[in-house]
Every structure is written in structure tokens, then in C-alpha cells.
Amino acid sequence: MNKTLISNTTVITMNDAADILEAADVLVEDNHIAAVGPTGTLNERDASVVDGRDRAVLPGLVNAHTHAAMTLLRGYADDLPLTEWLETKIWPREAFLREGDVYAGTMLAAAEMIRGGTTCYADMYFSSAEMAAAATDAGLRASVSGVLLGILPSIDEDLRREIAFVESWNDPDGRVTGAFGPHSLYTCGAEVLRGVAEEAKRLGALVHLHLLETAHERDDIVALQERTPLHALREAGLLETPVLAAHCVYLAERDVDVLAGQPFAAAHCPGSNLKLASGIAPVPDFLKKGLTAALGTDGAASNNNLDMLEEARLAALIHKANRSDATAVTAYQALFMATRAGATALNQAGTIGQLTPGYKADLLLINLTAPHMTPQHNVVANIVYSAGASDVTDTMVDGRWLMRDREVLSFNESETITKGAATAADLVIRT
Ligand code: NI
């Protein structure tokens, strides 16, 4: 049995009691948390000891909505409205994606995520097989879905391919699991959504889609499909199976009430919503009504990084100004969104998202000694309001260190960066 003891540290458990333990130890056995307790009280025989002084340990961050390989288009098209950005810049380039590109872009994203303490992510993009291979090689936990665009003539074949993909990545204990990724209600008709919902139910798989990112999208669904977005979800059977819906900026208040009682989670993406001027999701209402609200970066082409601590800070800040209420989303709520709510959203509640015995050992260590982290009147406030990705020193997934002392261990990082840069440079000049 492999044992690691992280000793004499501050443990932010994110458990039900919201325990934050000073001078505590975390014992990891194989791939799970075996014990958490005061320093010196755990059975640490045979454990390799990691000195956690001047560090805090917290559950790994869960990026609940991203398109990892879009790192290739980071900084390629900025300061444009969403439709113009997508139709004139992003989609034309994505049409030139070749075999191997998605793997290279996802590995580049993996390096960035590991450096920022993200241990698990919900990825939706083209080439699900390459995405799953990259997550596997990087050592990260991931829910992987190919994109289904109902408007394409190939949709029947695409759906069959994704069913086969999810079937082959369907181990509930696996680190990488397949999910369905119908792009959105406006790009997938009722029939496609129904087919997806049926297969998701049959396989116990997550459905990951974009929902109500813009007012335009809401108005189009109502005008063209003559139904509300909630009706569309219900008719498709998507209220009966776990759904992870990115954005939810224009979710109506009465719909929030209904969805709060369903296996439905919103992935709030404040950075992307701000940059594309999409609007501000009613997250304080989600929290008040008990709708699971997780956090995502969205792709690096619309963010432009995958820094979940920055995303937590944005979530804690923008709703305060938007609601003229400094209590709208607290630092702790933002951190909860980035950890436990993410676990729930990815259908992994009870497995990841807190540092509690029996949970998978997905965690990060963060440096508390930097000037901007001093003093520590409130460690959670420091992490959400003061820290950034570069303060994360160590990242562990499934009991395995992916980064120790800022060194990525699970793959060759410099080769990954070189390959990602070369792939991106080629992608933008292809004709
Ligand atoms: Ni997205």
C-alpha cells in the first residue's frame, strides 16, 4: 500500500461542517484519503511524509466547463461579440483541426490545470478519443464529451460514435469517464436531445451542454421552437438524468425553482461571460434556491486562462456589484462552487470535492508565505481574493502527485508546451 502523510498543515476540508483544521495531517492511502486529524495523531508508519507547514491543503479544484484543446486558440480572437467571435474566427479555424491537434491542445491545457490545482474537469470538444487519451496520460480526472451538433448532416453517425465512446469509457470508478455533449438547445433539435437523454439514462452517463449563454439564444428558442428552454429540456427527458449546463445566464427565476429539485447543475463561467459580454448569471438565486452551481473557465479562447482560483474570485466579486450586495456570493461559497459543487455537477458527489476519509485523494497544496498571502486572518479569503494559480505548489489526483514543488511530474511539460505552440501556429495558417 502506498501511503503519503501531509503533515502539520492547514486543512480546508469543505466537509459538511465546513471544518478548517490548523496543525493537522492528511493521510493518503493508495488513491483515497484514509484519515484527517491533528498532527501526530494518525498512524503514519510507512508513509512518505510531506511537510505541509506554511501550506494549506484543499480539495482539488473542479473545472465544470471547459473545452481544453481551445488552448490552441488562446489569444487568437479577442474583444469580439460572441456570434462574430464564433462564426468568423473560431469555427473557421476549428474546421481545420487535424488528427493529433486536440491531443496536443488538451495536454497543454492539462499542464496549465495541474499548475493551478485543477484536478478534475468537464471537457467538451471535438475528438473525444483524443481528449480521453490526453486526460489519461496527464493523470487528471475528467468527464469527457464530444460535441454533438444537431445541425450537421452527420448527426446520426456522430451520435452513434459518441454512444460507442461513452460505452467504452463508462467505468464509474474510472478516472476518465465518457459523457454526452449535445452542444446546446439551439444547435440540437428535440429528436437529438431525446436520443441523448435515453442513452445517458441507459448508461448512467452525464449530459453536458451549453444553456442560455445569451439573451439571443433564449429568444430564438422561444421564437423558433415555440417553447421555453425548460419545456425543451423536459420534453427531451433531460430533467430525469444528470445534466451539467454551462452558463445558465438567462435562466428564468421560475425555472430555477423547478431545476433546483432535479439532477441538474449549472456551471457558472464568469470570466467567459464577462469577456464575451454575455451577461451575469443569477448565481445568488441558484445558491439561495439550492440549485447546484459549479464553476468553469470555459475554453481558453474566451477566458483566456484555465485558472480556477481566478474564476472563484470573479464569482465572489461580480455578483456583489451586480446585486449591490457585498454578501451576494461569499469567499467560502465561491470556493465551495470550485470544489464540492463541481463534484456534484460532474455526478461525483461522495467521491471527490472534500477532504474526508473515504474520498478519492484529489487535492492541492497552496503556499501561504507569499507577501500577498500574508497575514492569514482568514485563509479562505486569502485563497479566493488574494491567490492565483501560481501559488499552488503541489497537485495530487487519485493519490498520485501530478506536481510537486511546482514541477509537473506526470508528463514532459516542456515538450508539451513546444508541441502545443507548434500545433497552434500551424492551425491558424492552414487553408
Ligand atoms: Ni463553452
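Predicted model, so just to flag it, every value in this text is computed and none were measured.

This part covers the coordination of the nickel ion. Under perfect tetrahedral coordination by four donors, a metal shows angles of 109.5 degrees; under perfect octahedral coordination by six donors, it shows angles of 90 or 180 degrees. Donor atoms from the polypeptide that coordinate the nickel ion comprise His 65 (NE2), His 67 (NE2), His 210 (NE2) and Asp 298 (OD), at 2.1 to 2.4 Å from the metal. Around the nickel ion sit 4 donor atoms; with metal-centred angles ranging over 84 to 178 degrees, the donor geometry is irregular.

In this structure the tally under the stated criterion is 2 aromatic pairs. Aromatic side chains Phe 165 and Trp 169 sit 6.4 Å apart centroid to centroid with 35 degrees between the ring planes, which places their arrangement in the tilted category. Positioned over the ring face of Trp 401 is Arg 404, at 5.1 Å from the centre of the ring.

Once that is clear, we can look at helix H12 (residues 331–338). Where H12 is concerned, the buried positions are Ala 331, Ala 334, Leu 335, Met 337 and Ala 338. Each buried residue of H12 lies within a common arc of 155 degrees when the element is viewed along its axis, so the set occupies one face.

Hydrogen bonding along the main chain pairs the strands of a sheet, whether they run parallel or antiparallel. Read from one edge of the open sheet, 4 strands run S10-S11-S12-S13, paired in parallel fashion. Since the sheet does not close on itself, it has two edges, and those belong to strand S10 (207–211) and strand S13 (292–295), each with one partner. Across this sheet, the average inter-strand angle for adjacent strands is 30 degrees, counted without regard to direction. Bridge count for strand S11 (residues 243–247) against strand S12 (residues 264–268) is 4 bridges, and the pairing is parallel. Across the sheet, residue Leu 244 finds its bridge partner in S12, namely Ala 265. Helix H11 (residues 308–323) rests against S12 and S13 of the sheet, and its axis sits at about 130 degrees to S13. Sheet strands in contact with H12 are S12 and S13, and its direction is about 80 degrees off that of S13.

This brings us to the domain arrangement of the chain. For the chain, the domain assignment lists domain 1 (3–60 + 352–408) and domain 2 (64–345). Here domain 1 and domain 2 have C-alpha centroids that lie 28 Å from each other. On the domain 2 side, the residues contacting the 35 residues of domain 1 number 31 residues. Note on domain 1 versus domain 2: buried area summed over both sides is about 2,700 Å², and carbon and sulfur give 62% of it. Ranking the residues of domain 1 by area buried against domain 2 places Met 14, Val 384 and Tyr 385 at the top, with a combined share of 25%. Among the salt bridges present, the one from Asp 16 reaches Arg 340, with a minimum N-O distance of 2.9 Å. At the junction of domain 1 with domain 2, the criterion picks out 10 residue pairs in polar contact (both at pLDDT 80 or more). At the level of elements, strand S5 (55–59), strand S14 (363–367), helix H14 (379–386), strand S15 (392–397) and strand S16 (400–404) are the ones that each hand at least two residues to the side of domain 1 that touches domain 2. In terms of residue count, H14 provides more of the side of domain 1 that touches domain 2 than any other element does, 6 residues in total. Of the residues assigned to the side of domain 1 that touches domain 2, the class counts are 22 nonpolar, 7 polar and 6 charged.

About the criteria used
- Along every chain, residues carry numbers that run from 1 in the direction the sequence is written.
- Local features in this predicted model are restricted to residues whose pLDDT is 70 or higher, and side-chain atom pairs enter the listing and the counts only when it is 80 or higher, whereas totals over whole chains, interfaces and linings include all residues.
- Excluded from the side-chain calculation are hydrogens and water; included are all heavy atoms of the structure.
- The rule for donors is simple: an N, O or S atom within 2.8 Å of the metal counts, and for Na, K and Ca the reach is 3.2 Å. Water is not among the atoms, so a site may look short of donors.
- Any site counts as irregular unless it has four donors with all angles between 85 and 135 degrees, making it tetrahedral, or four or six donors with opposite ones more than 155 degrees apart and the rest between 65 and 115, making it square planar or octahedral.
- Any two of the Phe, Tyr and Trp rings considered here, Trp counted by its six-membered ring, make a pair once their centres fall within 6.5 Å; the pair's planes then place it as stacked at under 30 degrees, edge-to-face at over 60, or tilted in between.
- Ring-over charges, as used throughout, are those where CZ of Arg or NZ of Lys falls within 6 Å of the ring centre and within 35 degrees of the ring normal.
- Only protein chains enter the area calculation, which uses a 1.4 Å probe; residues under 20% of their type maximum are buried, those over 50% are exposed, and those in between are partly exposed.
- Comment: elements are numbered from the N terminus, with helices defined as DSSP H or I runs of at least four residues and strands as E runs of at least two.
- Here, the arc refers to the directions that run from the helix axis to the C-beta atoms.
- Between any two strands, pairing holds if DSSP finds at least two bridges.
- Axis lines are fitted through C-alpha atoms, for helices just across the contact stretch, and the angle between N-to-C directions can take any value from 0 to 180 degrees.
- The contact criterion used is simple: two residues touch if any of their non-hydrogen atoms lie within 4.5 Å.
- Each domain's extent is set by a domain assignment, obtained either automatically or from a database.
- Summed over both partners, the accessible surface that disappears when two parts come together, traced with a 1.4 Å probe, is what is meant by buried area.
- Here, a salt bridge means any side-chain nitrogen of Lys or Arg that lies within 4 Å of a carboxyl oxygen of Asp or Glu.
- As used in this structure description, the phrase polar contact means that two N or O atoms lie within 3.5 Å; if the pair is within protein, one of them must be able to donate a hydrogen and the other to accept it, and residues adjacent in sequence are counted only when both atoms belong to side chains.
- Residue polarity follows a fixed list, in which Ala, Val, Leu, Ile, Met, Phe, Trp, Tyr, Cys and Pro are nonpolar, Asp, Glu, Lys and Arg are charged, and the others, Gly among them, are polar.

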